[in-house]
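Examining the three-dimensional arrangement
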Amino acid sequence: MQIAIDGPASAGKSTIAKLIAKNLNFVYCDTGAMYRTVTLLAKKNNVGYGDTLGILKLMSEHKIHFTNEIDGQHVFLDEEDVSKDIRTEEVTNNVSQVSAIKEVRTQLVQMQRDMANDTNIVMDGRDIGTTVLPNAEVKIFLIASVEVRAQRRYKENLERGINTPLKELQDEIAARDYKDSHREISPLKKADDAIEVDTSDMTIEEVVKKVSEIVNKQG
Ligand code: C5P
């Protein structure tokens, strides 16, 4: 069984997807982490975020892989665990440029389909329901207002000791959504058969309950 969870930045996709996967004992795959890892790879090697050939060369020379641990999914670049490094502001603010490159998407989509091939999976991203797993049994499109999303990110950041002004976070989220939904290849878009869930006024528990109900009905 395949469950696709898509939606804009910071809508709580990974939090919800992880909990649903845990409850159902499914594999969880965070596809955003893959685009972030390629962005980090470019940064580490001083290759421009728009340098298609340079990035493709790096992708052919390095290996990205995932492991599922008790504390969640870990991402490795060659032998190095980069799960934390892919969450920096620098990566967050440049990932949309890298993820707009057609050839990068072709390679990562193939990896994602291979991962989903012979296992029950919950996959979150931007194009899972539309492109990666168009036949997924369950498709959820998770949204929340940009104010609520910025507020959630602000709180999370404070817990991690980061104090970025709320307005800056709001602008960053809006800019990333704009880029992700206006790129040429597989833009962020609700699949026609996806069910939209607006989490603006919902707690995590309420969202998990709602999504579980949809899974029970559709799956
Ligand atoms: O989900 P997350 O915010 O970590 O995703 C980071 C970025 O990766 C997105 O802003 C988007 O540019 C890209 N992405 C994508 N397609 C996906 C998942 C993420 O283009 N399926």
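Residues numbered from 1 in each chain as written. Predicted model: local features only at pLDDT ≥ 70, side-chain atom pairs only at ≥ 80, totals over all residues. Heavy atoms only, no water.

So, on to the sheet that holds strand β3 (residues 64–69). Taking strand neighbours across the sheet as the criterion, the three strands line up as β3-β4-β5 in an open arrangement whose pairing is antiparallel. Taken across any chain shown, the strands that pair with only one partner, and hence form the sheet edges, are β3 and β5 (80–81). Across two bridges, strand β4 (residues 72–77) lies against β5 in antiparallel orientation. Within β5, the position partnered with F76 by the bridge is D81. Contacts from helix α2 (residues 31–44) reach β3, β4 and β5 within the one sheet, and its direction differs from that of β4 by about 30 degrees. (Pairing = 2+ DSSP bridges. Helix = DSSP H or I, 4+ residues; strand = E, 2+ residues; numbered from the N terminus. Contact = heavy atoms within 4.5 Å. Axes fitted to C-alpha atoms, helices over the stretch in contact; angles between N-to-C directions.)

As a further point, take the domain arrangement of the protein. As far as domains go, the protein holds domain 1 (1–26 + 120–214) and domain 2 (30–119). The distance between the C-alpha centroids of domain 1 and domain 2 comes to 18 Å. Taken together, the contact pairs 20 residues of domain 1 with 19 residues of domain 2. Inspection of the region where domain 1 meets domain 2 yields one salt bridge. R105 is the salt-bridge partner of D127, the closest N and O atoms lying 2.9 Å from each other. If you look at where domain 1 meets domain 2, you find six residue pairs in polar contact (both at pLDDT 80 or more). Counting only elements with at least two residues in the side of domain 1 that touches domain 2, the list comes to β6 (121–125), α6 (128–132) and α8 (166–182). Classifying every residue of the side of domain 1 that touches domain 2 gives seven nonpolar, five polar and eight charged. (Domains from an automatic or database assignment. Salt bridge = Lys/Arg side-chain N within 4 Å of Asp/Glu carboxyl O. Polar contact = N/O pair within 3.5 Å; in protein donor to acceptor, adjacent residues only side chain to side chain. Nonpolar A, V, L, I, M, F, W, Y, C, P; charged D, E, K, R; others polar.)

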